[in-house]
Each structure stands twice: as structure tokens, then as C-alpha cells.
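Descriptive structure summary
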Amino acid sequence: MPGGIGRAHAAGSRPVRVPSPRTVLELLKPITWFAPMWAFGCGVVSAGGPAWSSLPVVLLGVLLAGPLVCGMSQAVNDWFDRHVDAINEPDRPIPSGRIPGRWGLGIALAWTALSLAVAAALGAFVFWAAVLGVAIAWAYSAPPVRLKRDGWLSATACAACYEGLPWITGAAIVAAGAPDGRIFALAGLYSLGAVGIMTLNDFKAVEGDARMGIRSLPVQLGTDAAARLACVVMAAPQLVVIALLLTWGRPVHAATVGLLLVVQFGLMLRLLADPRGRAPWYNATGTSLYVLGMLASAFAVAPLVAGAAR
């Protein structure tokens, strides 16, 4: 009995391992924050931009779109993907043991609560947009839904969370309510195009996804067919955006988006020659042109929205 008590005492006195702030930051993947923050900024621009008095609120919205909601989604994904990451990326914080035990789940839950609290302070429309984004993020990764098991659903969910929802949220903060319908149109089209970007992003995990039963589009279609699909899905919405900008009387902005798309076509041809090897390269080059077109479109619609609001 005394020996048992001694062992229990020794076990109870074992120091609790707490992940370092640097490791927690790595779990939240700051490199992924850029896309929703950029889309949020496009939403702000498209609604006419903020007055100086509302700048702190807009900055809080940027924090919500990037470090909070996007960071939360990364923590959720890494927790439920820890077995896949042990194959694809064993040095990630959770499979490597640098975030021990159930700390990964705890961080995901804490970041979820913090995200919703900040969203609630930004108004009802922003709060419910954040609720939708948080719900999609959990449904994407967590069983029993686990949208990421199907490539079509996972790419669509990611595109909505990285592009459409942040864009609409940024516009809603400036408009203090539901944005103009033209803003919804642009956000929806660029979300659709981002499905192609998300498809290319899945190329890095083909082996692990296939072994773990995750049917990403590269796994379902093969990398060559998935790359062709990604190019079509990225290009087609931009053609519609160009047509809309012309219809709305914004020819200079339409020409800007068109020129960016022409350059993307050239990069796509190089991508298709070696989809597996050049997918990361295209995500660093062609995707950059894509998001510049988003900003050009936002500037195009801003005076139209402002005029309609007067």
C-alpha cells in the first residue's frame, strides 16, 4: 500500500507539459491568414472603405478574419488530422508531440469561443457570418460530418471560408448591415474560383489522403485531371466578373482583371505540363494575380455601391 501511494504521488507530481507560445503560433499557421484577411480587405474596399472613426472596428474585423477564425480552423483541422499529418507532415506540432495530450483540442475550442465573442462585438450580421464560418470549419474537419473526406465538398467549404465569407463580412462592417447585391455577386464568384486554388493546395497531401480514405479531388480524379479542372474553375468566374464590370460601366477595371487573367492563362499552361511538381509554384504566382483581380474588382464596385447608398 505505501508503495502504491508513493507511485501515485510521484505520478501526481509529474510536471504538466505546456506547449510554448511559438508552437501554438505554428499550430495556428499564420501563413494561412493572408487569404481571408485580403478578402476581408476587399470587402471593406468594395463597400466604400471605412471612415477614420470606424478604423478600429475594421482592424478588429481583420483580426477576426485572420488570426481568430482562420487560426481556429487550422487548430481544428490539425487536431482531427493528426493521424494524416503523422504520414504527410510528421513534424507538425501535434503529431511531433510538441503540443501534447489534448492541448490541440483545447486550443481549438478556446479560439472558437474567442472568435465568436469578438464577432458578437461587431454586430449581428458579422456575428452570424462568423457562426457560419466556425460551423463550416468544424464540419470540414470533425466527424461525423468531416466534409474534407469528399474533395468537392471540402474545396467548396474552404473557398467559402477563405474568400466569400470574409469579403462579405468586411463589407458588412463598413455598411453596418447587409452589403449591396453586387458585393455578394463578386464575393460568390471569387469564392467559386477559389475552389480551383483549394484543389491545387491538396496536391501536397495526395499519398496521405489516399491512405487515410480522404477523397480529395487529386485523389479522385488524378493530378492531371484535377489540375485541368482547377484551371477551368479559376478562370471561368473571372470571365463572368469581367462581363459584370463591363455591364456596370467599369471598363478600365474590367480590362485590368482581363489582363491579369491573360497572364494567368500563360502560367496555367506551364502548370499543366507538370501539375504535381508545379502546383506550389502556381499557388505562389497565378494565385497572386487572382487576388489582385479581386482588389481591382472591389475598387470597381465601390463608387457604385456608395452612389446607391446616397
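One structure accompanies this document, and this report is about it. Model, not experiment: these values are computed from the prediction. (Residues numbered from 1 in each chain as written. Predicted model: local features only at pLDDT ≥ 70, side-chain atom pairs only at ≥ 80, totals over all residues. Heavy atoms only, no water.)

What follows concerns the packing of aromatic side chains. For the structure shown, the criterion picks out 6 aromatic pairs. Where F34 meets W38, the ring centres are 5.4 Å apart and the plane angle is 40 degrees; that geometry is what we call tilted. Taken together, the positions of F34 and W38, both in helix α3 (residues 34–46) and 4 residues apart, correspond to about one turn of that helix. For F34, a relative accessible area of 47% puts it in the partly exposed group. With a relative accessible area of 24%, W38 lands in the partly exposed category. (Phe/Tyr/Trp six-rings, centres within 6.5 Å; stacked < 30°, edge-to-face > 60°. Helix = DSSP H or I, 4+ residues; strand = E, 2+ residues; numbered from the N terminus. Buried < 20%, exposed > 50% of the residue type's maximum accessible area, 1.4 Å probe, protein only.)

A word on the pattern of salt bridges. For the structure on display, the rule yields 8 salt bridges. A salt bridge links D78 to K29, with the nearest nitrogen and oxygen atoms 3.2 Å apart. Here K29 lies in the loop between α2 (21–28) and α3 and D78 lies in helix α4 (residues 55–80), a separation of 49 residues in the sequence. The exposure class of D78 is buried, given its relative accessible area of 1%. The exposure class of K29 is buried, given its relative accessible area of 18%. (Salt bridge = Lys/Arg side-chain N within 4 Å of Asp/Glu carboxyl O.)

A few words on α3. Taking 1.5 Å of rise per residue, the 13 residues of α3 would be expected to cover 18 Å, and the 18 Å separating its terminal C-alpha atoms lies within 8% of that figure. A positive backbone phi angle near 105 degrees is found at G48, which sits one or two residues after α3. (Expected span 1.5 Å × (residues − 1).)

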